[in-house]
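Per-entry structural report
The primary structure of each chain is shown beneath.
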Amino acid sequence: MKDRHLFLILLYFVNNGYAARWTETQANEWYEQQPWFIGTNFIPSTAINSLEMWQSETFDIETISRELSWAASLNMNLMRVYLHHLLWQQNADDFASRIDKFLQISSQNNIQIIFVLFDECHTPNPKLGLQPIPIPGVHNSGWVRDPGQEMLLDQTKWSVLQQYTADIITRFQNDTRIALWDLYNEPECSQQVPIVLPLLKLVYAAAISANPVQPLTVAPASSLSEELAQYEISISDVITFHNYAPLADTMRMVEQLKTFNRPLICTEYLARTAGSTIFTHIPYFYSNNIGSINWGLVSGKTQTIYPWFSPEGAPTPLIWFHDILHANGTPFSVYEVQFLKDLKPKRQNEIMLKY
Ligand SMILES: *[C@@H]1O[C@H](CO)[C@@H](O)[C@H](O)[C@H]1NC(C)=O
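What comes next is a walk through the structure. On a predicted model such as this, the values are computed, not experimentally measured, just so you know.

About the thresholds
- Residues numbered from 1 in each chain as written.
- Predicted model: local features only at pLDDT ≥ 70, side-chain atom pairs only at ≥ 80, totals over all residues.
- Heavy atoms only, no water.
- Salt bridge = Lys/Arg side-chain N within 4 Å of Asp/Glu carboxyl O.
- Helix = DSSP H or I, 4+ residues; strand = E, 2+ residues; numbered from the N terminus.
- Buried < 20%, exposed > 50% of the residue type's maximum accessible area, 1.4 Å probe, protein only.
- 1 Å grid on protein atoms, 1.4 Å probe; cavity = no way out; pocket = protein on both sides within 12 Å on 5 of 7 lines; lining within 4 Å.
- Points joined across faces, edges and corners; volume = space filled by probe spheres on them.
- Nonpolar A, V, L, I, M, F, W, Y, C, P; charged D, E, K, R; others polar.
- Disulfide = S-S within 2.5 Å.
- Contact = heavy atoms within 4.5 Å.
- Polar contact = N/O pair within 3.5 Å; in protein donor to acceptor, adjacent residues only side chain to side chain.
- Near = heavy atom within 4 Å.
- Areas by Shrake-Rupley, 256 points an atom, 1.4 Å probe, with all protein chains shown as cover.

**Overview of the pattern of salt bridges**
- Under the defined criterion, the tally for this structure stands at eleven salt bridges.
- Among the ionic pairs, Arg-80 bridges to Glu-268, the shortest N-O distance being 2.9 Å. Taken together, the residues Arg-80 in strand E2 (residues 78-82) and Glu-268 in strand E7 (residues 264-268) connect sequence positions 188 residues apart. In this structure, Arg-80 and Glu-268 share a single accessibility class: buried.
- With a shortest N-O distance of 3.0 Å, Asp-93 and Arg-171 are connected by a salt bridge. Of this pair, Asp-93 sits in helix H6 (residues 92-108) while Arg-171 sits in helix H8 (residues 158-171), placing them 78 residues apart in sequence.

Listed below in structure tokens is the structure:
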């Protein structure tokens, strides 16, 4: 009886020893083993959203291979990619095998992946099957949230989201082709934080119980004084953040985030006409060992070369908002592409020489 008691106590400590947030030391030691991270948010140009990217009918290996090889030719080593729970619900094994195929292609290009599980941005009613065609001129006209609004408002359905989180992370829990798990993109995006925050807490509990070798993160995208941002930071092994403002603003955000003594990766920036550019931000990120992930590689069905809130029928912008390459591989800006090609790859602890 006594022995069994002791065993249970030991089991409790062992489990909790694993299923705990990484210490600062653990996080920083992990980061020192990584290259300086540079890359983009990635969706193939032939997909309008994560459902079209991953569904078996439209999973476009040819385009994914071509576009990831372009990323590699620009020195990129980390791409951020959105998943969707509906694909797992439809057929978990098939979805996992397509993820594995994708990871084969990315790793052949020496690119690691940040997978994003949930997302509060853009259209609220995701449905499997044929996806809409883009509305001309409109930024991300067919991007889908995960979960959809109906599911978000029905807490009795949230256990599916927890099961998805635990299952997908467990399946890839030892897979170093994946660099990080980003649990929830911009929970504030749909402007209903009081509903989303409790879901995020359940998602985090499910993620940490899956005991992955990869760090977990959720990126603050707004004021760090908000309850949501403080929670996001408190559960992030490695701190990621979004900032589409000019460099002075990004630097102010970074100065606050540096006080947490954890690795920093900017997982969304680049809004050229808002003053967030390759030339302003990359030298700063590079010299401060901050990972640099901009929005968009190839201009395609997401139409993110158009600014946020561009009206239907808007003309092609002279200066692209996001993205780096045309669908045929030619650059929006030859200067940007040359700049990326000239970046000297480095490890985190190397002294920066170039700037
Ligand atoms: C991950 O590694 C651990 C420890 O070696 C092992 O117990 C577990 O089954 C592995 N997980 C998967 C999904 O292969």
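On we go from here.
**Some remarks on the layout of surface pockets**
- Taken as a whole, the largest pocket encloses approximately 770 Å³ of empty space.
- Lining the largest pocket are 35 residues; nearest its centre among them are Cys-121, Glu-186, Cys-189, Tyr-244 and Trp-308.
- In terms of residues, the lining of the largest pocket owes the most to one element, helix H11 (residues 247-258), which gives four residues.
- Class assignment of the residues belonging to the lining of the largest pocket gives a composition of 14 nonpolar, 13 polar and eight charged.
- Taken as a whole, the second largest pocket encloses approximately 240 Å³ of empty space.
- Those elements giving two or more residues to the lining of the second largest pocket turn out to be helix H5 (85-90) and helix H7 (149-152).
- Taken together, the residues of the lining of the second largest pocket break down into four nonpolar, five polar and three charged.

**Some remarks on the state of the cysteines**
- Under the counting rule described, the total for this entry stands at one disulfide.
- The disulfide that involves Cys-121 links it to Cys-189, with 2.2 Å between the sulfurs. Judged by the sign of its S-S torsion, about 110°, the bond between Cys-121 and Cys-189 is right-handed. One end of the pair, Cys-121, is in the loop between strand E3 (112-119) and H7; the other, Cys-189, is in the loop between strand E4 (178-185) and helix H9 (193-209), with 68 residues separating them in the sequence.

**Some points on helix H12 (residues 278-287)**
- The buried fraction of H12 is high, at seven of ten residues.
- Of the positions making up H12, those classed as buried are Ile-278, His-281, Ile-282, Pro-283, Tyr-284, Phe-285 and Tyr-286.
- Where the residues of H12 are buried, they touch strand E1 (38-40), strand E6 (239-242), H11, E7, strand E8 (291-294) and helix H13 (334-342).
- A side-chain oxygen of the first residue of H12 lies 3.3 Å from the backbone nitrogen of Phe-279; this N-cap is Thr-277.
- Taken from the residues just after H12, Asn-289 is the one with a positive phi, measuring 55°.

**Considering empty space enclosed by the protein**
- Per the stated rule, a full pass over the model turns up two cavities of 30 Å³ or more.
- As for the largest cavity, its lining consists of 13 residues, of which Asn-41, Phe-42, Ile-43, Trp-295 and Gly-296 are closest to the centre.
- Each residue belonging to the lining of the largest cavity can be placed in one class, and the counts come to seven nonpolar, four polar and two charged.
- The volume enclosed by the second largest cavity comes to roughly 30 Å³.
- Every residue along the wall of the second largest cavity is listed here: Ser-50, Tyr-82, Leu-83, His-84, Asp-119, Trp-143, Val-144 and Asp-146.

**Here we look at the side chain of Asn-109**
- Note on placement: Asn-109 falls in the loop between H6 and E3.
- When sequence neighbours within four positions are dropped, the list of residues in contact with Asn-109 reads Leu-68, Ser-69 and Ala-72.

**Side note on the site of the ligand**
- Around the ligand sit Thr-170, Arg-171, Gln-173 and Asn-174, and those are all the residues in its vicinity.
- Interatomic distance of 2.6 Å between a side-chain N/O atom of Gln-173 and a nitrogen atom of the ligand.
- Between the ligand and the protein, one listed contact pairs an oxygen atom with a side-chain N or O atom of Asn-174 at 2.5 Å.
- Contact with the protein chains removes 29% of the 370 Å² of surface that the ligand exposes when unbound.
- Partitioned by chemical class, the residues of the shell around the ligand number no nonpolar, three polar and one charged.

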